[in-house]
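Examining the three-dimensional arrangement
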Amino acid sequence: MNCPEFLRRQRPLALALGLTLLPAVAAAQQPEPQTDPADQLLQRAHELADRGSWQAAAELYPLVSDPARVGETAAGEARARAAIGQYGQAIDTLETLVGEQYAEWPDQSVQLAELLRETGQSGRALEVLDGLISESITPPVRALVQYGDLLLYLGRDAEAEPHLEQAIQRYMNGSVFRSEDVAMVALANWRLDRFHEANSL
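Residues numbered from 1 in each chain as written. Predicted model: local features only at pLDDT ≥ 70, side-chain atom pairs only at ≥ 80, totals over all residues. Heavy atoms only, no water.

1. Description of helix H4 (residues 70-83)
What counts here: Helix and strand definitions follow DSSP, with helices as H or I runs of at least four residues and strands as E runs of at least two, each counted in order from the N terminus. Every helix has an expected span of 1.5 Å times one less than the residues it contains. In this scheme, a residue with accessible area under 20% of its type's maximum is buried, one over 50% is exposed, and one in between is partly exposed, where area comes from a 1.4 Å probe on protein chains only. Only heavy atoms matter for contacts: two residues are in contact if any of them lie within 4.5 Å across the pair.
For H4, with 14 residues, the first-to-last C-alpha span of 20 Å sits near the 20 Å given by 1.5 Å per residue. Counting buried positions along H4 yields 10 of 14 residues, so the element is predominantly enclosed. Of all the residues in H4, the buried ones are Gly71, Thr73, Ala74, Ala75, Gly76, Glu77, Ala78, Ala80, Arg81 and Ala82. Residues of H4 that are buried make contact with helix H2 (37-50), helix H3 (54-60), helix H5 (87-98) and helix H6 (106-118). Positive backbone phi, approximately 85 degrees, marks glycine 85, located one or two places after H4.

2. Quick notes on unusual backbone geometry
A positive phi is found at aspartate 193, a non-glycine position, where the angle reads about 65 degrees. On the accessibility criterion, aspartate 193 (56% relative accessible area) is exposed.

3. A few points about the layout of surface pockets
The condition that has to hold: Grid points spaced at 1 Å over the protein atoms alone were grouped into cavities, where a 1.4 Å probe fits but cannot get out, and pockets, open sets with protein on both sides within 12 Å along at least five of seven lines, with lining residues defined by an atom within 4 Å of a point. Grid points are joined across faces, edges and corners, and a volume is the space filled by probe spheres set on the points.
Put simply, the largest pocket is a space of about 500 Å³. Sorting the residues of the lining of the largest pocket by element identifies H2, H4, H6 and helix H10 (179-191) as the ones contributing at least two each.

4. As for the packing of helix H8 (residues 141-153) against H10
Selection rule: In this description, a line fitted to the C-alpha atoms serves as the axis of each element, helices being fitted only across the stretch in contact, and the angle between N-to-C directions of two axes falls anywhere from 0 to 180 degrees. Note on angle classes: values under 35 degrees are labelled roughly parallel, values over 145 roughly antiparallel, values of 65 to 115 roughly perpendicular, and the remainder oblique. For any pair of crossing helices, the crossing counts as left-handed if the nearer helix is rotated counterclockwise from the farther one by less than a right angle, and right-handed if it is rotated clockwise.
Relative to each other, H8 and H10 sit at 30 degrees, their axes nearing to 9 Å. Taken together, the axes of H8 and H10 lie roughly parallel to each other. You can see that H8 and H10 cross each other, and the crossing is left-handed. Here Val141, Arg142, Val145, Gln146, Asp149 and Leu152 of H8 come into contact with H10, specifically with Glu180, Asp181, Met184, Val185, Leu187, Ala188 and Arg191.

5. A short note on the confidence of the model for the protein
For the record, the criterion: A score between 0 and 100, pLDDT records how confident the predictor is in each residue.
Scored by pLDDT, the protein comes out at a mean of 87, with 83% of its residues at no less than 70. In this model, residues 13-19 is a region of pLDDT below 50 whose contacts with residues beyond four sequence positions or in other chains number 0 contacts. Under a pLDDT of 50 for its full length, residues 24-28 has, in the predicted model, 0 contacts with residues more than four places off or in other chains.

Structure below.
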């Protein structure tokens, strides 16, 4: 066999194999993406809460040191603490976050109002919801329904109905998507004695 001729014929094959292997080699040399420790902690806290390990979740949420997730961690911790009967700590967690900036923290403000009402602090709950709704261009559906429901509870029916109607109208306009908000619209209908509409949602 003529060796130079053989090597000449093998050169294109070697080149093709080299080009084929280059992407795989390059991929193998890429560093693994780094996972944010705060995200890992937050995900772990959520998993514990989903499994009903409320005490462990309540202790883990405060360890998440990410300013961008402070609202999510406060809400998670408050939910976990309320689940194990630590209502005072749950309320303190949300009040520390929200202060009086209700429109800045709409979901957490509604959560705070719900806890306040549940612990017999209806007046304070009404103050939080009133502040949130008056400061917001588009108040959350949950806030509208909880505000209307609380006003009904306090015997202020005439004031309650417009807020319940507003929540229902938002649904009718196609701007309510989350299942938990649809449930609140059903409650609004129920409170207005529209039982058929409530049951159809």
